[in-house]
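Single-letter residue listing:
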Amino acid sequence: MQDTGEIKRYQRTVTATRRCHECSEEALGRCPDCRLSFCQDHFPKQQHAPCAEKQMKLAQTQVCYVCGTQVYPDQWSLSKTSHYVDQFSCKGCGRYVCNELHTRHKTEEVIVVREGMRGHRYQYIIRYCDLCAPASSIVVSKG
């Protein structure tokens, strides 16, 4: 018979695998908007219920502020630990901006989030419109 200290030690080492909110498969990442966990198939916004419904409601307002072209904020997974997020909005003014004509400057910001023994890499696509692009090059030094 095992003593209670050994049993408690064993219970602490067992880790539960997070499950997809949609299909109960192993969850690989969290949606930046709804903060729920999803598998690689359900990580895109159009593939899971909370964000798909929100996208449908916002479809009329998600247009480029310059030309009126519909934009489609999206996110996708390249692997189990690498995820891309593109909001199609200008980081300077926050307005939606199309990719083809009115994104003047585009870069990526990488954020690594640790979850247990695994780290997830979220790559956010950062956009600037024609008006905000000159200000994006100004580096503010912290003194």
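Thresholds applied
Residues numbered from 1 in each chain as written. Predicted model: local features only at pLDDT ≥ 70, side-chain atom pairs only at ≥ 80, totals over all residues. Heavy atoms only, no water. Helix = DSSP H or I, 4+ residues; strand = E, 2+ residues; numbered from the N terminus. Buried < 20%, exposed > 50% of the residue type's maximum accessible area, 1.4 Å probe, protein only. Contact = heavy atoms within 4.5 Å. Polar contact = N/O pair within 3.5 Å; in protein donor to acceptor, adjacent residues only side chain to side chain. Phe/Tyr/Trp six-rings, centres within 6.5 Å; stacked < 30°, edge-to-face > 60°. Pairing = 2+ DSSP bridges. Disulfide = S-S within 2.5 Å. Axes fitted to C-alpha atoms, helices over the stretch in contact; angles between N-to-C directions.

## Some remarks on the environment of Glu 22
And then number 1: Of note, Glu 22 is situated in the loop between helix H1 (4-13) and strand S1 (29-30).
And then number 2: Its relative accessible area of 34% is what places Glu 22 among the partly exposed residues.
And then number 3: Distance from Glu 22 to Phe 38, taken between C-alpha atoms, is 7.0 Å for residues 16 residues apart in sequence.
And then number 4: Here Glu 22 is in contact with Phe 38, His 42, Gln 47, His 48, Ala 49 and Pro 50, once residues within four sequence places are set aside.
And then number 5: A polar contact is formed between the side chain of Glu 22 and the backbone nitrogen of Ala 49, at a distance of 3.0 Å.

## Re the packing of aromatic side chains
And then number 1: By the definition in use, this model includes two aromatic pairs.
And then number 2: Where Phe 43 meets Tyr 122, the ring centres are 6.5 Å apart and the plane angle is 45°; that geometry is what we call tilted. Of this pair, Phe 43 sits in the loop between strand S2 (37-38) and helix H2 (49-58) while Tyr 122 sits in strand S6 (residues 118-128), placing them 79 residues apart in sequence. Comparing Phe 43 with Tyr 122, the two get one shared label, buried.
And then number 3: Between the aromatic rings of Trp 76 and Tyr 84, the centroid separation amounts to 5.4 Å while the plane-to-plane angle is 5°, which identifies the pairing as stacked.

## Things to note about the pairing of strand S4 (residues 82-86)
And then number 1: A large share of S4 lies buried, amounting to five of its five residues.
And then number 2: Pairing geometry for strand S3 (residues 74-77) and S4, over four bridges, is antiparallel. Across the sheet, Asp 74 pairs through a bridge with Asp 86, a residue of S4.
And then number 3: Alignment of S4 against S6, held across four bridges, turns out to be parallel. Bridge pairing links Ser 82 to Arg 121 in S6.

## Concerning the pairing of S3
And then number 1: Across the two faces of S3 the burial differs, with Gln 75 and Ser 77 buried and Asp 74 and Trp 76 not buried at all.
And then number 2: Counted along the chain from S3 to the antiparallel partner S4, the turn is four residues long.

## Quick word on the state of the cysteines
And then number 1: According to the stated counting rule, one finds zero disulfides in the structure shown.
And then number 2: The thiol sulfur of Cys 34 is not disulfide-bonded, and the nearest other cysteine sulfur, from Cys 31, lies at 3.7 Å.

## Describing the sheet that holds S3
And then number 1: As summarised here, the arrangement of the four strands in space is S3-S4-S6-S5, forming an open sheet in which the pairing is mixed. Of all the strands in the sheet, just S3 and strand S5 (105-115) have a single pairing partner and so form its edges. Direction aside, the axes of adjacent strands within the sheet are offset by 20° on average.

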